[in-house]
Amino acid sequence: MKHMLRTTTAALAVVAVTGFAAGAAKADPLTVVSWGGAYTKSQVEAYHKPFTEQTGIEIVSADYNGGLAEVKAQVEAGNVTWDLVDVELSDAVRGCDEGLLEPLDHAMLPPAPDGTAAADDFLEGTLHDCAVATIVWSTIYAYDTTKFSDAAPSSMADFFDLEGFPGKRGMRRTPKANLEFALIADGVPAGEVYEVLSTPEGVDRAFAKLDTIKDEVIWWEAGAQPPQMLADGEVAMTTAYNGRVFNAIAAEGKPFEIVWDGQVWDLDLWVIPRGAPNKETALEFIKFSTDTQRLADQASWISYGPARKSSVPLIGTHAEAGVEMGPHMPTAPENFGNALQNDFLFWADYQDELNERFNAWLVN
Amino acid sequence: MAQIAIGDAGKPERLTTADGTPLKQALGRVEFRAKTRAFLLVAPLLVFLSITFLFPIGQMLFRSLHDPLVSGVLPNTLATLEDWSAEDGLPPEEAFAALAQELALARENRFSGDLGRVATRLNYEKPGIRSAVTRTARSAARMEAPFKEAMIEADADWGKLESWATIQRLGNVYNAVQYLAAVDRRYNEFGDIVMQAEQRQIYVQLFGRTLWMSLLVTSMALLLGFPISYLLATQPTRVSNVLMILVLLPFWTSLLVRTTSWIVLLQSEGVLNDILVWIGLVGDNDRIQMIYNQTGTVIAMTQILLPFMVLPLFSVMKTISPSHMRAAQSLGAPRFQAFWKVYAPQTLPGVGAGCLLVFILAIGYYITPALVGGQDGQMISNFIAFHMQSSLNWGLAAALGGILLAGVLALYWLYNKLVGVERLTLG
């Protein structure tokens, strides 16, 4: 027994040592962190696989639920293990302001195929001091078509209309986007939403509107939840990220329908945590993944619009379902009518106050 | 080997060992060696606990009081504000000048993150000041005297007493602002402690609800656990072993699995509702909402924490001799009275241990309420997690955690006073 123990220990030690040696000989794998589910899959197919093929550098893909908590913890502890993170715009700006992210030089980004400089090719507001956008995504609401056979909901106001369209509602447990939805449903034009929301009366008005459906709402937190809740029949309609709902419709054949009226659109961007172990490789990956073709490739896996103008004409059909992707983009003209861009400056100022108020509102 | 040296006068002298060392010293040496050995045995655990448990907790609690950010970035501004108080009206011109200069400097080094962090920190206390700080910082380098007018023109917030009072207050490296926030209170611009705006009052209520829900879960666990333990302790071993497996099997199952199983069972399109509809007890359109609310949290938590009640109870009941009850009954006590007067008091250490264990685990519960709590089934730990993960207000999270920790310690102290910790039996 004792002998056996010694042999096993020795064997383990040998494995450990050779394992480390083998690991050190190759280039370090790049740790890329994103939101999981259909979205991460689109990145793996469009970016990770071709990148590994071209450079031989392995990519470790990890999931998270958004926010800056892990980045902050890693940077403050001086032990950064993530190389590249996919974040929302407000987090990119805030993380940059608070010194959690590496500044990026936009001149390094590849130009469009026709030679247009990257700075002119990216949509306005998609390049930031520490971040480069890849997609335009949107919070919309979707419903189960089997639940509404007579009249289908078509506007944001219908989401708040419990009498016309009875059934439970799903909403993300955060004031962001929900307050905007409430005001749009209450008749505020998309262009004036943040103006109204900057006043105490406007906030009261938004909460009063939310009050009308509060008892019928089931709150979700992860992006994968709303399509699941729709499929389970837990809710009749729910707010969701448009790509997730599209995925459920196109790839899983669910009877869901997206309502684009009053969509709140936002960006997802690449950022590098300050002190990332493989910063140079991460920069290479950013360059690689944000060129015109890659961004268009991603759009054939999920219905999020590319951040580059030159990518738009290259968008084709869904890689598996064969659906034409163009009309399903948040930025498609027929969807973009009453659209609202998430105002990260407003949220940077008021998110703490509104989060507290929202939480207190939920509890009471 | 000790020998007693008898002196001439016949009275005993110092005791020594064979080699002449005094006995006391020799014993001391042996004892010291034994103590060292014992200490070395526990040392790894002690080091492990200190590094992974005590040190991080201490550091976290320290964070709730230690707040060096503002004083580090705005030292000159704070120096000019030293004698200022809100009763004097707006601060003097040199305060505006110092702030403009320090904001310009912070803007220059903005990738260090100081400016953003100060802006965020101030924003926790005074919503909206974040953009005042960043906007003013952008133009501060070009500002000229008089700075007072220039600053107020850049952002109207600089004309408000509250902005300056906030800077002054957070200039104290040690302050209790986060603890005040954790009990729904704040300082106003004159330094008085006032209630938080009504729409933002949440934590006191949450602490109350956490306490109430934990008490509910504890009493439900006791109510359900007591008969089970009694059955386990009084059945023949063959039967009780089988029953014991039924208690232990869920105990060994992952928390997450058990919580999600409750979702499957209780959701409105779930198993239980389907059965109720099928037997016609409720209509298809008014299915009962049993989850994503307080009910769901209490049900799932009770089931998950039940073994922590059953195991200590069982171990205590196992030691109670059945002959006590028989003796009481033979002396004429009815069955219930014998149980109540003789058996029940002997189970008290187990009841105490079980309740303490379940209650303390319950008030810190996080995963289950997060998954099945909906809007009114959230507990204080969910908000600690929220401030750690989403709002990044770690100071407030630390203060909330500190209050929770103090509550647990107070409870433990109370238990020790009432029951005595030495009677705690965990099986």
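In what follows, the structure referred to is the one given above.
Residues numbered from 1 in each chain as written. Chains lettered and ligands numbered in written order. Predicted model: local features only at pLDDT ≥ 70, side-chain atom pairs only at ≥ 80, totals over all residues. Heavy atoms only, no water.

Thoughts on the overall build of chain B
Then step 1. Along its length, chain B carries 19 helices and 4 strands.
Then step 2. For 427 residues, the compact-globule formula gives about 22 Å, and the C-alpha radius of gyration of chain B, at 32 Å, lies well above that figure.
Then step 3. Along the first, second and third principal axes, the C-alpha set of chain B runs to 100 × 95 × 40 Å.
Then step 4. Within chain B, the proportion of its 427 residues that are buried is 43%.
Then step 5. The contacts of chain B with a sequence gap of at least 6 include a subset with a gap of at least 24, amounting to 66%.
Then step 6. Element-wise, carbon and sulfur atoms account for 65% of the exposed surface of chain B, whose accessible area totals about 22,700 Å².
Then step 7. Side-chain charges in chain B split into 33 positive and 31 negative, and the spacing between the mean points of these groups amounts to 16 Å. (Helix = DSSP H or I, 4+ residues; strand = E, 2+ residues; numbered from the N terminus. Rg over C-alpha atoms; globule rule 2.2 N^0.38 Å. Buried < 20%, exposed > 50% of the residue type's maximum accessible area, 1.4 Å probe, protein only. Contact = heavy atoms within 4.5 Å. Areas by Shrake-Rupley, 256 points an atom, 1.4 Å probe, with all protein chains shown as cover. Lys, Arg positive; Asp, Glu negative; His and termini not counted. Charge placed at Lys NZ, Arg CZ, Asp CG, Glu CD.)

As for the nonpolar core
All names here are of chain A.
Then step 1. Formed by 76 residues in total, the largest nonpolar core has its most connected members in Leu84, Val85, Ile272, Phe285 and Ile286.
Then step 2. In this structure, Ile286 is in contact with Leu84, Leu104, Met108, Leu109, Val132, Trp270 and Ile272, ignoring residues within four places of it in sequence.
Then step 3. Listed in part, the 39 residues of the second largest apolar core include Met156, Ala182, Leu197 and Val217. (Core = buried A, V, L, I, M, F, W, Y, C linked by side-chain atoms within 4.5 Å.)

Here we look at the state of the cysteines
Residue and element names in this part refer to chain A.
Then step 1. Summed over all chains, the structure comprises 1 disulfide over all chains.
Then step 2. Two residues share a disulfide in this structure: Cys96 and Cys130, whose sulfurs sit 1.9 Å from each other. Between Cys96 and Cys130, the S-S torsion sits near 55°, and that sign places the bridge as right-handed. Remark: Cys130 occurs in the loop between β4 (127-128) and β5 (131-144) and Cys96 occurs in helix α4 (residues 89-97); sequence separation between them is 34 residues. (Disulfide = S-S within 2.5 Å.)

Focus on the interface of chain B and chain A
Many authors give the size of an interface as the accessible area that is lost as the parts come together.
Then step 1. Between chain B and chain A, the residue contacts involve 38 residues of the former and 38 residues of the latter.
Then step 2. Summed over both partners, the interface of chain B with chain A comes to about 3,500 Å²; 48% of that surface belongs to carbon and sulfur atoms.
Then step 3. It is Phe111, Gln375 and Leu392 of chain B that lose the most area in chain B upon contact with chain A, and together they represent 20% of the buried surface on that side.
Then step 4. Applying the counting criterion to the chain B and chain A interface returns 3 salt bridges.
Then step 5. In this structure, the connection of chain B to chain A is made through 14 residue pairs in polar contact (both at pLDDT 80 or more).
Then step 6. Where the side of chain B that touches chain A is concerned, the elements lending two or more residues are α5 (114-125), α6 (129-140), α10 (203-234), α18 (380-389) and α19 (394-418) of chain B.
Then step 7. Its residues assigned to classes, the side of chain B that touches chain A shows 13 nonpolar, 18 polar and 7 charged. (Buried area = accessible area lost by both parts, 1.4 Å probe. Salt bridge = Lys/Arg side-chain N within 4 Å of Asp/Glu carboxyl O. Polar contact = N/O pair within 3.5 Å; in protein donor to acceptor, adjacent residues only side chain to side chain. Nonpolar A, V, L, I, M, F, W, Y, C, P; charged D, E, K, R; others polar.)

Some remarks on a nonpolar patch on the surface
All names here are of chain B.
Then step 1. Residues Leu45, Phe48, Leu49, Phe53, Leu54, Ile57, Leu405 and Leu409 make up a contiguous nonpolar surface patch of about 750 Å² in total accessible area.
Then step 2. Of all the secondary structure elements, the ones that give two or more residues to the nonpolar patch are α1 (23-65) and α19.
Then step 3. Element by element, the count of residues in the nonpolar patch is highest for α1, at 6 residues.
Then step 4. Summarising the element assignment, Phe53 is placed in helix α1. (Patch = residues over 30% accessible without salt bridge, like charges linked within 9 Å, V, L, I, M, F, W, Y side chains within 5 Å.)

Points about the packing of helix α4 (residues 93-108) of chain B against α6 of chain B
Residues and elements named next belong to chain B.
Then step 1. Look at α4 against α6: their axes get within 8 Å of each other, and the N-to-C directions meet at 90°. The angle between α4 and α6 places the two elements in the roughly perpendicular class. Between α4, through Ala100, Leu103, Ala104 and Arg107, and α6, the contact on the second element is made entirely by Val133, Thr136, Ala137, Arg138 and Ala140. (Axes fitted to C-alpha atoms, helices over the stretch in contact; angles between N-to-C directions. Parallel < 35°, antiparallel > 145°, perpendicular 65-115°, else oblique.)

Let's talk about the pairing of strand β7 (residues 217-220) of chain A
Residue and element names in this part refer to chain A.
Then step 1. Along β7, one buried face is formed by Val217 and Trp219 and the opposite face, lined by Ile218 and Trp220, is buried too.
Then step 2. In terms of strand pairing, strand β6 (residues 169-172) meets β7 through 4 bridges, oriented parallel. Counterpart to Gly170 in the pairing with β7 is Ile218. (Pairing = 2+ DSSP bridges.)

Focus: the packing of aromatic side chains
Then step 1. The final tally for this structure, using the stated rule, is 31 aromatic pairs over all chains.
Then step 2. For the ring pair Tyr39 of chain A and Tyr304 of chain A, a centre distance of 5.6 Å and an interplane angle of 80° mean the geometry is edge-to-face. Of this pair, Tyr39 of chain A sits in helix α2 (residues 37-55) while Tyr304 of chain A sits in the loop between α13 (292-298) and β10 (305-306), and the two are 265 residues apart along the sequence. With respect to class, Tyr39 of chain A is no different from Tyr304 of chain A; both count as buried.
Then step 3. Positioned above the aromatic ring of Trp394 of chain B is the side chain of Lys72 of chain A, whose terminal nitrogen or guanidinium carbon lies 4.7 Å from the ring centre.
Then step 4. When the ring centre of Trp361 of chain A is taken as origin, the NZ or CZ atom of Lys214 of chain A, which lies over that ring, is 4.8 Å away. (Phe/Tyr/Trp six-rings, centres within 6.5 Å; stacked < 30°, edge-to-face > 60°. Lys NZ or Arg CZ within 6 Å of the ring centre and 35° of its normal.)

Looking at the environment of Phe386 of chain B
Then step 1. If you trace the backbone, Phe386 of chain B turns up in helix α18.
Then step 2. Each C-alpha atom, one on Phe386 of chain B and one on Ala397 of chain B, is 8.2 Å from the other, the two residues being 11 residues apart in sequence.
Then step 3. Ignoring any residue separated from it by four or fewer positions in sequence, one finds Phe386 of chain B in contact with Asn355 and Asn359 of chain A together with Ser391 of chain B.

Thoughts on the pattern of salt bridges
Then step 1. Taken as a whole and assessed by the stated rule, the structure comprises 25 salt bridges over all chains.
Then step 2. For Glu76 of chain A, the salt bridge goes to Arg63 of chain B, with nearest N and O atoms at 3.2 Å. Here the residue Glu76 of chain A occupies a position in helix α3 (residues 69-77), and Arg63 of chain B occupies one in helix α1, the pair thus bridging two chains.
Then step 3. The class for Glu76 of chain A is partly exposed, based on a relative accessible area of 42%.
Then step 4. Several salt bridges share partner residues, and in doing so they unite Glu88, Arg172 and Lys176 of chain A into one network.

A word on the packing of helix α11 (residues 237-252) of chain B against helix α14 (residues 294-319) of chain B
Residues and elements named next belong to chain B.
Then step 1. Put simply, α11 and α14 touch, their axes get as near as 9 Å, and they point 135° apart. Looking at the two axes, α11 sits oblique to α14. The handedness of the crossing between α11 and α14 is left-handed. The residues of α14 that touch α11, namely those facing Met244, Val247, Leu248, Pro250 and Phe251, are Gln303, Pro307, Phe308, Val310, Leu311 and Phe314.
Then step 2. When the residues that make up the contact of α11 with α14 are grouped by side-chain class, the tally is 10 nonpolar, 1 polar and no charged. (Left-handed = near helix turned anticlockwise from the far one by under 90°.)

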